[in-house]
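# What the coordinates show
Single-letter residue listing:
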Amino acid sequence: MALKSMKVSNNAAAVVTGAGSGIGKSFAYEIARRGGAVICADIRQDRAEAVADYLSALGTHAVPYACDVGKSEQMEELARKAPELLKRPVTLVVNNAGVGLGGAIGEVTLADWHWCMNVNLWGVIHGCHFFAPQLRSVGYGGIINVASAAGFAAAPEMSTYNVTKAGVMSLSETLHAELTGTGVNVTVLCPTVVPTNIANDGRLPERRSDFAKEAMTRFALMDSDTVARKTLDAMDRNQLYILPQVDGRIAWYIKRLAPRLYAKGLGEAYRLIAD
Ligand SMILES: NC(=O)c1ccc[n+]([C@@H]2O[C@H](COP(=O)([O-])OP(=O)(O)OC[C@H]3O[C@@H](n4cnc5c(N)ncnc54)[C@H](O)[C@@H]3O)[C@@H](O)[C@H]2O)c1
C-alpha cells in the first residue's frame, strides 16, 4: 500500500511520554488497539511497567521506559534507543507527560515555575527536538503534542500551566509548518477537563485543592479514552488543532470572535470567586 494512503495511527511504532496514567495511558492502549508497538515512557517506573505489562499480556509489543522528559540527556537517550526497542523506526511520538500547578502570580514560587516549565514545556521541546529529525528522515509519521485549553483560555490562578501550554501550542504550530509536505503529521491536543490523576499529583494551593479534584469529575465532558481516540483520528488527517470537548471549542471561538468581551468576562467571573 502507498505510504500516503496509510493511517499513521495504524500499526505505529510509537513512543508515548507520561504513559503511566490518564491521557498517556489511554494513548498507549489505543495505539496498541490499532495494532501498534509502544514504548511506555514515564518518570514513574512502576506506572510505565504496569501499562506495558498489561499491553504485553494482550500481545502488544510494549516496552516500559523510565525517563524524565525534562532532562535533555534522558530524552536524547530515549530517542537514540527507541528504534531498537521498537525493532523498527519510530513513526509516532506522543509528547504527553505533564504536571498541574496552580496559584496566583506572585504566590507561585519560582521553584515551582521552573518545575512545571521543565516538564510541560521543556519536556515537549525535548520530544520534538530529538524525534522530529528521525521522523523527517523516515518521511512518514506523526507527532502529537499535548497542550490544553489552558493554552488559550488564560484561566486565573493557573499562570504557569497556561504559559507552558501556550508554548506547546506555538511550538506545535511552528513544527506543523516546518513539516508540511514531509510526510510527518503534527497535531496539538487542547482538552478541557479530563478525569485523570493530574489534580492528585499536581501542586495546588490548599484552598483550591478540593475544588480542583472535584472538578476533575464534575466538569468532565469526556473520558481520556475518547480524547485519545479522537486525537489519533485528527492526527491521521494531519489536523493541527484538536479541541475534543464542546466547552473548549466555545471558549476558543468566543476568544477569537469577541476578545474584549472574553477578557472582561474572565476578569469579572474571577472577582466573584477570588478571596
Ligand atoms: N486531565 C486534564 O484535565 C488535562 C486537561 C488538559 C491537558 N492535560 C494534559 O494532559 C497530559 C497528561 O496529563 P493527565 O491529565 O493524563 O495526568 P496524569 O497525572 O494522570 O498523567 C501524567 C503522567 O505523566 C507522568 N509524568 C509526570 N512528570 C513526568 C516527567 N517529568 N517525565 C515523564 N513522565 C512524567 C506521571 O507520572 C503520570 O503518569 C498533561 O500534559 C496535561 O497537562 C490534562
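Not measured: the values here are computed from a predicted model. (Residues numbered from 1 in each chain as written. Predicted model: local features only at pLDDT ≥ 70, side-chain atom pairs only at ≥ 80, totals over all residues. Heavy atoms only, no water.)

## Side note on the overall build of the protein chain
Stated formally: Only DSSP runs of H or I reaching four residues or more are called helices, and only runs of E reaching two or more are called strands; each is numbered from the N terminus. The globule rule used here is 2.2 Å times the number of residues to the 0.38 power, and the radius of gyration it is set against is calculated over C-alpha atoms. In this scheme, a residue with accessible area under 20% of its type's maximum is buried, one over 50% is exposed, and one in between is partly exposed, where area comes from a 1.4 Å probe on protein chains only. Contacts are assigned to residue pairs with any non-hydrogen atoms lying within 4.5 Å of each other. Only the protein chains shown count as cover for residues, and the accessible areas themselves come from Shrake-Rupley with a 1.4 Å probe. Counting rule for charge: Lys and Arg are taken as positive, Asp and Glu as negative, and neither His nor the chain ends is counted. Think of each charge as sitting on NZ of Lys, CZ of Arg, CG of Asp or CD of Glu.
A count of helices and strands for the protein chain gives eleven helices and seven strands. Over its C-alpha trace the protein chain gives a radius of gyration of 18 Å, about what one expects of a compact globule, namely 19 Å for 275 residues. Taken over the C-alpha atoms alone, the protein chain extends approximately 55 × 40 × 30 Å along its principal axes. Within the protein chain, buried positions represent 51% of all 275 residues. A sequence separation of at least 24 residues applies to 71% of the contacts in the protein chain between residues at least 6 apart. For the protein chain, the accessible area works out to roughly 13,100 Å², and carbon and sulfur atoms hold 57% of it. The positive charge centre, built from 28 side chains, and the negative charge centre, built from 26, are 7 Å apart in the protein chain.

## Notes on a nonpolar patch on the surface
This is how the line gets drawn: Every patch collects residues that have over 30% relative accessible area and no salt bridge, joining them within 9 Å if they carry like charges and within 5 Å if they are nonpolar side chains (Val, Leu, Ile, Met, Phe, Trp, Tyr). The salt bridge definition used is simple: a Lys or Arg side-chain nitrogen within 4 Å of an Asp or Glu carboxyl oxygen.
Residues L221, V246, I250, I254 and L261 make up a contiguous nonpolar surface patch of roughly 460 Å² in combined accessible area. It is helix α10 (residues 246-257) that contributes the most residues to the nonpolar patch, three residues altogether. According to the relative accessible area criterion, I254 is partly exposed, its value standing at 37%.

## Some words on the packing of helix α4 (residues 110-138) against helix α6 (residues 159-179)
How we decide: Angles here are taken between N-to-C directions and fall from 0 to 180 degrees, while the axes themselves are lines fitted to C-alpha atoms, restricted in helices to the stretch in contact. Note that the term roughly parallel is reserved for angles under 35 degrees, roughly antiparallel for angles over 145, roughly perpendicular for angles of 65 to 115, and oblique for everything else. Classification used: nonpolar for Ala, Val, Leu, Ile, Met, Phe, Trp, Tyr, Cys and Pro, charged for Asp, Glu, Lys and Arg, polar for all others including Gly.
Between α4 and α6, the shortest axis-to-axis distance is 8 Å and the interhelical angle comes to 10 degrees. Taken together, the axes of α4 and α6 are roughly parallel relative to one another. Counted together, W113, C116, M117, N120, L121, V124, I125, C128, A132 and R136 of α4 and S159, T160, Y161, V163, T164, K165, G167, V168, L171, L175, E178 and L179 of α6 form the full contact between these two elements. The class makeup of the residues in the contact of α4 with α6 is 14 nonpolar, five polar and three charged.

## Concerning the site of the ligand
Put simply, the rule reads: One heavy atom suffices: a residue is near a molecule or strand as soon as one of its heavy atoms comes within 4 Å of it. Under this definition, polar contacts are N or O atom pairs within 3.5 Å; protein pairs additionally need one hydrogen-donor-capable and one acceptor-capable atom, and for neighbouring residues in sequence, both atoms have to be side-chain atoms.
Of all residues adjacent to the ligand, which total 30 residues, the nearest are S21, D42, N96, Y161 and T196. A distance of 3.1 Å separates an oxygen atom of the ligand from a polar side-chain atom of R47. At 2.8 Å from an oxygen atom of the ligand is found a main-chain nitrogen or oxygen belonging to V194. Tallied by class, the residues present in the shell around the ligand amount to 15 nonpolar, ten polar and five charged.

## Considering the pairing of strand β6 (residues 184-189)
We apply this condition: Two strands qualify as a pair provided DSSP detects at least 2 bridges between them.
With six of its six residues buried, β6 lies for the most part within the structure. Because side chains alternate across β6, one face comprises the buried residues V184, V186 and V188, and the other comprises N185, T187 and L189, equally buried. As paired elements, strand β5 (residues 141-146) and β6 share six bridges and run parallel to each other. Bridging across to β6, G141 finds its partner in V184. Sheet topology note: the β6/strand β7 (residues 241-242) ladder contains two bridges and is parallel. Considered in β7, the bridge of L189 is made with I242.

## Digging into the pattern of salt bridges
Pairing between side chains becomes possible if they bear opposite charge and their charged atoms approach one another. Tallying each qualifying case throughout the model produces eleven salt bridges. Between E77 and K81 there is a salt bridge, with the nearest N and O atoms lying 2.9 Å from each other. Remark: K81 and E77 occur in helix α3 (residues 72-86); sequence separation between them is four residues, near one turn of the helix. Looking at E77, the relative accessible area reads 29%, which means it is partly exposed. K81 gets classed as partly exposed once you look at its relative accessible area, which sits at 33%. Through salt bridges with shared partners, a single ionic network connects E30, R33, R34, D233 and D236.

## Observations regarding the packing of aromatic side chains
Here is the rule we go by: Note on aromatic contacts: the rings of Phe and Tyr and the six-membered ring of Trp form a pair at centre separations within 6.5 Å, being stacked when their planes are under 30 degrees apart, edge-to-face when over 60 apart, and tilted otherwise. Sitting over a ring, as applied to charges here, requires NZ of Lys or CZ of Arg to be within 6 Å of the ring centre and within 35 degrees of the ring normal.
On inspection of all chains with the given rule, the structure shows three aromatic pairs. With a centroid separation of 5.1 Å and 80 degrees between ring planes, the pair formed by F152 and W252 is classed as edge-to-face. Separated by 100 residues along the polypeptide, F152 in helix α5 (residues 150-153) and W252 in helix α10 bring together distant segments of the chain. Residue classification places W252 among the buried positions, given a relative accessible area of 10%. What links up through ring pairs into an aromatic cluster is the set F152, Y241 and W252. For R203, the ring lying beneath its charged end belongs to W115, and the centroid distance is 3.7 Å. Here the basic side chain of R256 rests over the ring of W252, its NZ or CZ set 3.5 Å away from the ring centre.

## Examining α3
To keep it simple, the criterion reads: How far a helix is expected to stretch is found by multiplying one less than its residue total by 1.5 Å. Two axes define the bend at a residue: one fitted to the seven residues ending there, one fitted to the seven starting there, and the bend is the angle between them.
The end-to-end C-alpha distance of α3 is 21 Å, a good match for the 21 Å that 15 residues give at a rise of 1.5 Å each. Along its length, α3 reaches its greatest deviation from straightness, about 35 degrees, at R80, and the proline P83 lies no more than four positions downstream. Every buried residue of α3 is accounted for by M75, L78, A79, A82 and L86. Where α3 is buried, its residues touch β1 (13-17), β2 (37-42), β3 (62-66) and α4. Phi for K87, located one or two positions after α3, is positive at around 70 degrees.

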